[in-house]
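Listed here are the chains, written in short residue letters.
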Amino acid sequence: MLDFKHSPPLALYIHIPWCVKKCPYCDFNSHVSGSTLPETHYVEALLADLEFELPKIWGREIISVFIGGGTPSLFSAGAIDDLLSGLRARLNLLPNIEITLEANPGTVEQGRFNEFRSCGINRLSIGVQSFQESQLKNLGRIHGKQEAMHAVEAAKLAGFDSINIDLMYGLPQQGADAALSDLESAISLEPDHISHYQLTIEPDTAFHHRPPTLPNDDRIWDMQLRCQARLAEAGYTQYEISAYAREGHQCIHNLNYWHFGDYVGIGAGAHQKLTMLQEQQVRRSWKQRLPERYMNNVTKRTHIEGETIVDEGTLVSEFMLNALRLTAGFKPNLFYERAGLPVSRIAPVLESAQAEGLIDWTVTHIQPTARGRQFLNELLLKFID
């Protein structure tokens, strides 16, 4: 039986689903934009969606806002300003709240960054992926190396408090030296945060139907170790499998996911997770994916694609899927607070994983070992009923 005493921290995710083109590796809900975007209609739909969710979260403070996509930086600063004004009028936002906007090089200019900063965006996540022209072409990106460098410099000039660079490794036919070269280019720009993650082939993507030749596991492991060492040397602390930050610049929004906090999701295809204290249950729901259908139905409140009550076994696996990504792991009482279950529920699996050298389990923490991080997928499978 679940036993929730308090509501977890609550974040807000906003999905803007349009891109200039669909990248072959991307499995997010994104759609190729036309010559114009329905900015006004979509912002109105987002705020109507939020009002639909408000009764479920009355009185709860929002700790972070993340505007993702798609390519949210395709929207004008005026549209983003209208959106943020609507949020402030309807929500209890934490003072100095982290508000992140995803941006792609080639879709923004210096003036646009200045305007985003003026309307309240204080963190940018820039999807660079690679600084090598050949790999950018392989990945279907619309920018080149110089545009990527310029975008980060322009964001710094605009006065952003925190800047993240998204960077991939394990790219088609890539070796460790090439991965390190990409990383050196990112470090030279001195961002506050680097998301350094392995390219994986996801179902229903162009790469899934026409797979490129990727490095083997040994080469990927080699480049991962060498890149991790270089990031540490440059002052970036790894706090999650693919997240590295300078002091004070960990992503609050993503930490909330990894700590199994709650989040409201608005926008086409957005997902959300809410802990309902009165009902003693966790509910997940998701919105219709097609932008036109979503915008047309949200005012009629028929925009919900699905909803489910998360069962006990799924709560266990979902909590561990998130929390074991953190290099520091988590305190045992967090499992009770966020999954509503005692640690004794997972004790036999923890004992087995500890015996295999995958987990370090004490009264103060549950933490994946270096071996556990290397074989994380195998570790996570142990917590699936």
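Structure shown above.
Residues numbered from 1 in each chain as written. Predicted model: local features only at pLDDT ≥ 70, side-chain atom pairs only at ≥ 80, totals over all residues. Heavy atoms only, no water.

Considerations on the pairing of strand β13 (residues 281–287)
Burial within β13 is extensive, with five of its seven residues counted as buried. By the bridge criterion, six bridges tie strand β12 (residues 271–276) to β13 in an arrangement that is antiparallel. Looking across to β13, one finds that H271 is bridged to W286. Between β12 and β13, which pair antiparallel one after the other, the connecting turn spans four residues, and Q280 there sits at a positive phi close to 55 degrees. Note that β13 and strand β14 (residues 304–309) share five bridges and pair antiparallel. (Buried < 20%, exposed > 50% of the residue type's maximum accessible area, 1.4 Å probe, protein only. Helix = DSSP H or I, 4+ residues; strand = E, 2+ residues; numbered from the N terminus. Pairing = 2+ DSSP bridges.)

Considerations on the packing of helix α6 (residues 176–188) against helix α8 (residues 217–233)
The interhelical angle for the contact between α6 and α8, taken along N-to-C directions, is 25 degrees, at an axis separation of 9 Å. One way to sum up the angle between α6 and α8 is to call them roughly parallel. Where α6 crosses over α8, the handedness of that crossing is right-handed. Here α6 contributes A176, D177, A179, L180, L183, E184 and I187 to the contact with α8, which in turn contributes D222, M223, R226, C227, R230 and L231. Grouping the constituent residues of the contact of α6 with α8 by class yields eight nonpolar, no polar and five charged. (Axes fitted to C-alpha atoms, helices over the stretch in contact; angles between N-to-C directions. Parallel < 35°, antiparallel > 145°, perpendicular 65-115°, else oblique. Left-handed = near helix turned anticlockwise from the far one by under 90°. Contact = heavy atoms within 4.5 Å. Nonpolar A, V, L, I, M, F, W, Y, C, P; charged D, E, K, R; others polar.)

Digging into the pairing of strand β8 (residues 193–198)
Across six bridges, strand β7 (residues 162–169) lies against β8 in parallel orientation. Bridged to Y169 within β8 is Q198. Chirality of the crossover, the property in question, places the unit of β7, α6 and β8 among those that are right-handed. With three bridges connecting them, β8 and strand β10 (residues 243–245) associate as antiparallel partners. (Right-handed = clockwise from strand over helix to strand, strands pointing away.)

As for the environment of R246
Turning to its location among the elements, R246 is positioned in the loop between β10 and α9 (252–258). Looking at R246, the relative accessible area reads 26%, which means it is partly exposed. Residues R246 and F330, 84 residues apart in the sequence, show an inter-C-alpha distance of 21 Å. Setting aside anything within four residues of it in sequence, one finds R246 in contact with E190, P191, D192, A234, G235 and Y236.

As for the packing of aromatic side chains
This model, assessed by the stated rule, comprises eleven aromatic pairs. Taken together, a centroid distance of 5.8 Å and an interplanar angle of 50 degrees make the contact between Y42 and Y294 tilted. A residue pair is termed long-range when its members are at least 10 positions apart, and Y42 in helix α1 (residues 39–53) and Y294 in helix α10 (residues 291–298) qualify at 252 residues. This pair shows no difference in class: Y42 is buried, exactly as Y294 is. Consider the rings of Y257 and Y263, whose centres lie 4.8 Å apart with planes at 85 degrees: the pair is edge-to-face. Taking relative accessible area as the criterion, Y257 reaches 21% and is therefore assigned partly exposed. For Y263, a relative accessible area of 13% gives the class buried. The structure contains a cluster of three or more aromatic residues connected by ring pairs, namely W18, Y42, F75 and Y294. The aromatic ring of F160 is capped on one face by R117, whose charged end is 5.9 Å from the ring centroid. (Phe/Tyr/Trp six-rings, centres within 6.5 Å; stacked < 30°, edge-to-face > 60°. Lys NZ or Arg CZ within 6 Å of the ring centre and 35° of its normal.)

Thoughts on the side chain of H143
On the secondary structure map, H143 appears in the loop between α4 (133–138) and α5 (145–157). Residue class for H143 comes out buried when judged on its relative accessible area of 5%. Separated by 3.2 Å, the side chain of H143 and the backbone oxygen of V128 make a polar contact. Those residues in contact with H143 that sit more than four places away from it in its chain are P105, G106, G127, V128, S130, L136 and A148. (Polar contact = N/O pair within 3.5 Å; in protein donor to acceptor, adjacent residues only side chain to side chain.)

Digging into the state of the cysteines
This model, assessed by the stated rule, comprises zero disulfides. Its sulfur unpaired, C19 is 6.3 Å from the next cysteine sulfur, which belongs to C26. (Disulfide = S-S within 2.5 Å.)

Remarks on the pattern of salt bridges
Pairing between side chains of opposite charge can happen when their charged atoms approach one another. Tallying each qualifying case throughout the model produces 18 salt bridges. Measuring nitrogen to oxygen at the nearest pair gives 2.7 Å for the salt bridge that ties K287 to D49. Of this pair, K287 sits in strand β13 while D49 sits in helix α1, and the two are 238 residues apart along the sequence. When its relative accessible area of 1% is taken as the criterion, K287 is described as buried. Notably, a salt bridge pairs R90 with E51, separated by 2.7 Å at the nearest N-O pair. In this pair, R90 sits in helix α2 (residues 77–90) while E51 sits in helix α1, placing the two residues 39 residues apart along the sequence. (Salt bridge = Lys/Arg side-chain N within 4 Å of Asp/Glu carboxyl O.)

Worth remembering: the numbers are spatial, not functional.
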